[in-house]
Amino acid sequence: MDAILDTIPQLIKDIEQLEDFKTEKENERQLLESQNQKLRYRLKLLKEAGVEVSNEESNMDLLNIEEHAMINLHSVLINLFSNAIKTAYPTLEDIGQPAVSAGSKFADYQCNASMQICKLLKAKGENVSPNVVAKKLVECLGQCDIIEKVDVSGQGFINVWLSRDKLRKILHYVLEHKLMPKPLSNREKVIIDFSSPNVAKEMHVGHLRSTIIGESLCRVFEFIGHDVLRLNHIGDWGTQFGMLIALLQDKFPDYKTVSPPINDLQQFYKQSKVLFDSDLEFKKRAYDCVVKLQSMSPDHVQAWKLICDVSRKEFQKIYERLNVSIIERGESFYQSRMENVVKELENKGFLENDDGRKIMWSPDSSIPLTIVKSDGGFTYDTSDMAALKQRIEEEKADRIIYVVDAGQSVHFEILKKCAIHAGILDPSKVRMDFVGFGVVLGEDKKKFKTRSGDTVRLVSLLDEGIKRARDKLVEKGRDKVLTDEELKLAETAVAYGCIKYADLCHNRSHDYVFSFDKMLDDKGNTAVYLLYALTRIRSIINNLGTHTQDLNEPISLDHDKEWKLAKSLLRFSEVLLKITEDFCLHHLCEYLYDVATTFNEFYDNCYCIEKSPQTGEIVKVYTGRILLCKVTAEYMDTGLNILGINTVSRM
Ligand SMILES: NC(=[NH2+])NCCC[C@H](N)C(=O)O
């Protein structure tokens, strides 16, 4: 018995040891679990950044980032740093995206999150210097194959040097596979409502802006791989059609058999408006026509179609010249849906009577929508509410983007609030964005008008662009060098390219001055400058003739200027991603301008070919540099294409 009793202390000790061992194991397990969790988190972030991680399981020490055309170095670094912050300071609240910026004098990229972290730590009573924080972040950064080396400056900036080898591989991938993104795993249906002029009214410079910006946005989303529906929400419905139809019936009673000569619809519109305001009998008939049109009386529908056709042909001319594709789905498309949405809002008790009008409030807006006018007619608000519902429910949109002048921002703001209030729009499922833009000004800084004060006709504006572009090319003696066909191509590429670029290169929310002189200047940040830069790169490659080189040689990135160019090129996907968030196409313009100027620096400093001074014959080709030229041309061509600018091989 005693012997048994003697063993008890030993047993207790053993049990204690086992307990300790268990806790130790448990701690270890927890540690591993938490490390695992962090690694999974890092993986998730990298995947979200469009980065494939190849050796997820086998080797967590070095992250190998798969080479592909749309690698976003900036997002990769942001994700690495935000993960390092979470590892180093797990108790710190989420600090959002750490500040990582490109192109400082001291490094390829720089992260200055340390200062922000210091402040947050200080608030918690912990006093550490940014330098100490930065060092801790670097320790927790882990290794990634896009990073060559990292160091910390005295003030706590983290400097990152990228791996030339890795960037060379990525650029090589682009050379081989072209600049084409991989199919998206989260492809979205994106509806872009743009251009949207009004029937019987002139398409003006405001619509030109919407057309140019909208077309480019479509191209951005399509390029990335989304399913884009381009919609032209034409103003083709409403009371004004009553007046137009009434006048058509008066003026051209045989309109059903003979096509009426109403080329100048605007004049026609003005005339009908005068009659509508002065002639009571006409006014009555106009109203009657609206009712008949809305109830789809065949004669009235035919008259309406004729009128729309005239406008449509005019709009189409502009779209063809500017290479814009868009599906017409005007307000008329929503007639029956408007009736339904009005019923729905009425039944759910959202409509309020206001002096005979039916209006709708949302809890936090200062003005209501007018859903039904006192004469029973529908409004711009009604058609937009019906269109929104149709786009969500029938088109199954994930994102809806409206490219309309900034003057209509309030309309879209209340539309959104009311649609949320009515349960039509659920912002957690469908993202609705208003992309507004400023006014086009003349060189006198006043609203862009003709000398006589009329709105500028877009067709004449484009014609003038063509003439000015040709003058410019002739002034440079290009007519003597280019064939007639080449000159024609150059002339349109320059004219329309300049008009588009001048619009897109400004922050869209600002007003901008329309000036042919400025936009055709080949020295500034203009389309002409970019087009020249690209044709120059192409001619460097083409002049090689039989010296065309092997793609398999490594792209040369050793010279400072080569390296600078590579880094500039690889900002492409970062720029596109940004545009899908803030819809500002000037980021892409700035990118292209930066690429072109950086290319020129490279070309001025690095020989690509050597020629014999005696014979002028090529004696040496620096293939690695020629490949850098080729890949630059690929990025520039793709970028210009997204801006809707045609490139040429000679100009
Ligand atoms: N869904 C929309 N409201 N799109 C914009 C329409 C623009 C309108 N037709 C105008 O000229 O001002």
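As the structure is a prediction and not an experimental result, all values here were calculated from the model. (Residues numbered from 1 in each chain as written. Predicted model: local features only at pLDDT ≥ 70, side-chain atom pairs only at ≥ 80, totals over all residues. Heavy atoms only, no water.)

Strands pair in a sheet through their backbones, by hydrogen bonds, and they do so in one of two ways: parallel or antiparallel. Strand order in this open sheet of four strands is β2-β3-β6-β5, and the pairing throughout is antiparallel. Both outer strands of the open sheet, β2 (100-102) and β5 (147-152), are each paired with one neighbouring strand and no more. On average, each strand axis in the sheet is tilted by 20° relative to the strand beside it, whichever way the strands run. Where β5 meets strand β6 (residues 158-162), five bridges bridge the pair, whose relative direction is antiparallel. The residue bridging Ile-147 from the neighbouring strand is Leu-162, located in β6. (Pairing = 2+ DSSP bridges. Helix = DSSP H or I, 4+ residues; strand = E, 2+ residues; numbered from the N terminus. Axes fitted to C-alpha atoms, helices over the stretch in contact; angles between N-to-C directions.)

Lining the immediate surroundings of the ligand are Asp-193, Ser-196, Asn-198, His-207, His-233, Tyr-380, Asp-384, Tyr-402, Val-404, Gln-408 and Phe-412. Here a nitrogen atom of the ligand sits 2.7 Å away from a polar atom, N or O, in the side chain of Asn-198. In the environment of the ligand, a nitrogen atom lies 2.7 Å from a nitrogen or oxygen atom belonging to the side chain of Tyr-380. Contact with the protein chains removes 91% of the 350 Å² of surface that the ligand exposes when unbound. Class assignment for the residues of the shell around the ligand results in four nonpolar, five polar and two charged. (Near = heavy atom within 4 Å. Polar contact = N/O pair within 3.5 Å; in protein donor to acceptor, adjacent residues only side chain to side chain. Areas by Shrake-Rupley, 256 points an atom, 1.4 Å probe, with all protein chains shown as cover. Nonpolar A, V, L, I, M, F, W, Y, C, P; charged D, E, K, R; others polar.)

Turning next to the packing of aromatic side chains. Applying the stated criterion to the full structure yields 14 aromatic pairs. The interplanar angle of 15° and the centroid separation of 5.9 Å between the aromatic rings of Phe-599 and Tyr-603 together place this pair among those described as stacked. Within this pair, Phe-599 and its partner Tyr-603 are both found in helix α20 (residues 586-605), separated by four residues, close to a single helical turn. Phe-599 sits in the buried class, given a relative accessible area of 1%. Residue class for Tyr-603 comes out partly exposed when judged on its relative accessible area of 25%. Each member of the aromatic cluster is reached from another via a ring pair, and the members are Phe-223, Phe-572, Tyr-591 and Tyr-635. Sitting over the ring of Tyr-89, Lys-136 keeps its end group 4.8 Å from the ring centre. Lys-149 extends its terminal NZ or CZ atom over the ring of Trp-161, reaching a point 4.3 Å from the ring centre. (Phe/Tyr/Trp six-rings, centres within 6.5 Å; stacked < 30°, edge-to-face > 60°. Buried < 20%, exposed > 50% of the residue type's maximum accessible area, 1.4 Å probe, protein only. Lys NZ or Arg CZ within 6 Å of the ring centre and 35° of its normal.)

Okay, the confidence of the model for the chain next. Residues at a pLDDT of 70 or more form 91% of the chain, whose mean pLDDT is 91. Scored as a whole, the predicted complex attains pTM 0.89, and scored at its interfaces, ipTM 0.99. (pLDDT = per-residue confidence, 0-100.)

A few words now on the pairing of strand β14 (residues 431-435). Note: strand β13 (residues 399-403) against β14, five bridges, orientation parallel. Note that in β14 the partner of Tyr-402 across the bridge is Phe-434. Viewed along the sheet, the connection from β13 through helix α13 (residues 409-421) into β14 turns out right-handed. (Right-handed = clockwise from strand over helix to strand, strands pointing away.)

Before going further, it helps to examine the packing of helix α19 (residues 572-582) against α20. α20 packs onto α19 with a crossing angle of 160° between their chain directions and a minimal axis gap of 9 Å. On the basis of the axis angle, α19 is roughly antiparallel to α20. When the axes of α19 and α20 are compared, the crossing they make is right-handed. In contact with Phe-572, Val-575, Leu-576, Lys-578, Ile-579 and Asp-582 of α19, α20 contributes His-587, Leu-588 and Tyr-591. (Parallel < 35°, antiparallel > 145°, perpendicular 65-115°, else oblique. Left-handed = near helix turned anticlockwise from the far one by under 90°. Contact = heavy atoms within 4.5 Å.)

Bringing the pattern of salt bridges into the picture now. Counted under the stated rule, the structure contains 49 salt bridges. Here Lys-429 and Asp-426 are joined by a salt bridge, their closest N and O atoms 3.1 Å apart. We classify Lys-429 as exposed; its relative accessible area is 62%. Overall, the relative accessible area of 31% leaves Asp-426 in the partly exposed class. With a closest N to O distance of 3.0 Å, Glu-486 and Arg-650 form a salt bridge. Here Arg-650 lies in the segment after α21 (623-642) and Glu-486 lies in helix α15 (residues 484-504), a separation of 164 residues in the sequence. Arg-650 sits in the partly exposed class, given a relative accessible area of 38%. A cluster of three or more residues bridged by salt bridges with shared partners is formed by Glu-202, Glu-314, Lys-317 and Arg-457. (Salt bridge = Lys/Arg side-chain N within 4 Å of Asp/Glu carboxyl O.)

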